[in-house]
Amino acid sequence: MNHQSHCGKRIRLAALMLTLLLMLSGCGANKEEKYSTYVRAYITAAYLGDGEEYVKCTNSSIDSARQLYDHTVDRLARSLCSYYNLEITDDSELYAKMLEIAKSVYAKAKFEIVATRKEDSGYYVDVTISSIDFLSSNYEKMKAYVDSYNARVDAGEFNDIEKEEYERTFASGILDFLQESTAGITYREPETISVKISEGNGGFSLGAAELMAIDKLIIAVTE
């Protein structure tokens, strides 16, 4: 079986998206405290997997906090699969490894709630985030691996194996590299964003655009 049709592997970018919208009513004595506590609790639960404050703040269950974290981790794992062009979402062993990599990356999330303020248009929470520089910092080494693998393809090394085995061999090498790379994560310069709190129906929330703005900064993406 000739695998020249595989045409090697090419790294590509996948946008990190989040569409979860939460309506809440707890989190503190006054609005400023409620809103700053909520944003901190949300980020901590969603990216660090610590849902204790989130549960208290939202009067929700620990299962809800776990689901939020699992959703965030799964989204990153799928984005990394797309970014590195890995067809492993149906491979329970390899995808489980990617999920652990995603957890290790998010465990390094670095942020600080700076201030909460009221303006004419509503309340805003300022969040300073030091983006995890996981993708671009690995780019050159990963590209070297991909180029090397492409050369092996061109040399006919994989001509006599099934496509599934070819894909799995490539993916295993990428996953090993990513797993090793989580130990040396670096950060970009801190950036502060203002997220607006939406009020209404007796509660408050972060809209989809606000959640996406936070998510986009947690991990720096390559251009």
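Residues numbered from 1 in each chain as written. Predicted model: local features only at pLDDT ≥ 70, side-chain atom pairs only at ≥ 80, totals over all residues. Heavy atoms only, no water.

**With respect to the side chain of S79**
Counting through the fold element by element, S79 comes out in helix α3 (residues 62-83). Taking relative accessible area as the criterion, S79 reaches 10% and is therefore assigned buried. A polar contact of 2.9 Å, which involves the side chain of S79, links it to the backbone oxygen of R75. (Helix = DSSP H or I, 4+ residues; strand = E, 2+ residues; numbered from the N terminus. Buried < 20%, exposed > 50% of the residue type's maximum accessible area, 1.4 Å probe, protein only. Polar contact = N/O pair within 3.5 Å; in protein donor to acceptor, adjacent residues only side chain to side chain.)

**Considerations on the packing of α3 against helix α4 (residues 92-106)**
Put simply, α3 and α4 touch, their axes get as near as 8 Å, and they point 110° apart. With respect to each other, α3 and α4 are oriented roughly perpendicular. Crossing handedness for the pair α3 and α4: right-handed. Along its contact with α3, which presents Y69, T72, V73, D74, R75, L76, A77, R78, L80 and C81, the element α4 presents Y95, M98, L99, A102, K103, V105 and Y106. Each residue belonging to the contact of α3 with α4 can be placed in one class, and the counts come to 12 nonpolar, one polar and four charged. (Axes fitted to C-alpha atoms, helices over the stretch in contact; angles between N-to-C directions. Parallel < 35°, antiparallel > 145°, perpendicular 65-115°, else oblique. Left-handed = near helix turned anticlockwise from the far one by under 90°. Contact = heavy atoms within 4.5 Å. Nonpolar A, V, L, I, M, F, W, Y, C, P; charged D, E, K, R; others polar.)

**Points about the environment of S61**
Structurally, S61 can be placed in the loop between α2 (52-58) and α3. Taking the relative accessible area as the measure of exposure, S61 reaches 34% and is therefore partly exposed. For S61 and G51, which are 10 residues apart along the polypeptide, the C-alpha to C-alpha distance reads 9.2 Å.

**Regarding the sheet that holds strand β3 (residues 191-200)**
Sheets are built from strands that pair by backbone hydrogen bonding, the pairs being arranged parallel or antiparallel. Taken in spatial order, the four strands line up as β1-β2-β3-β4 in an open sheet, and their pairing is antiparallel. The sheet terminates laterally at β1 (110-119) and β4 (203-206), the two strands that pair on one side only. The average angle at which neighbouring strand axes cross in this sheet is 30°, direction not considered. As paired strands, strand β2 (residues 122-130) and β3 are joined by seven bridges and run antiparallel to one another. Each bridged residue has a counterpart across the sheet, and for V125 the counterpart in β3 is V195. Packing against the sheet, helix α1 (residues 31-48) makes contact with β1, β2, β3 and β4, and its axis sits at approximately 150° to β1. Contacts from helix α7 (residues 208-218) reach β2, β3 and β4 within the one sheet, and its direction differs from that of β3 by about 160°. (Pairing = 2+ DSSP bridges.)

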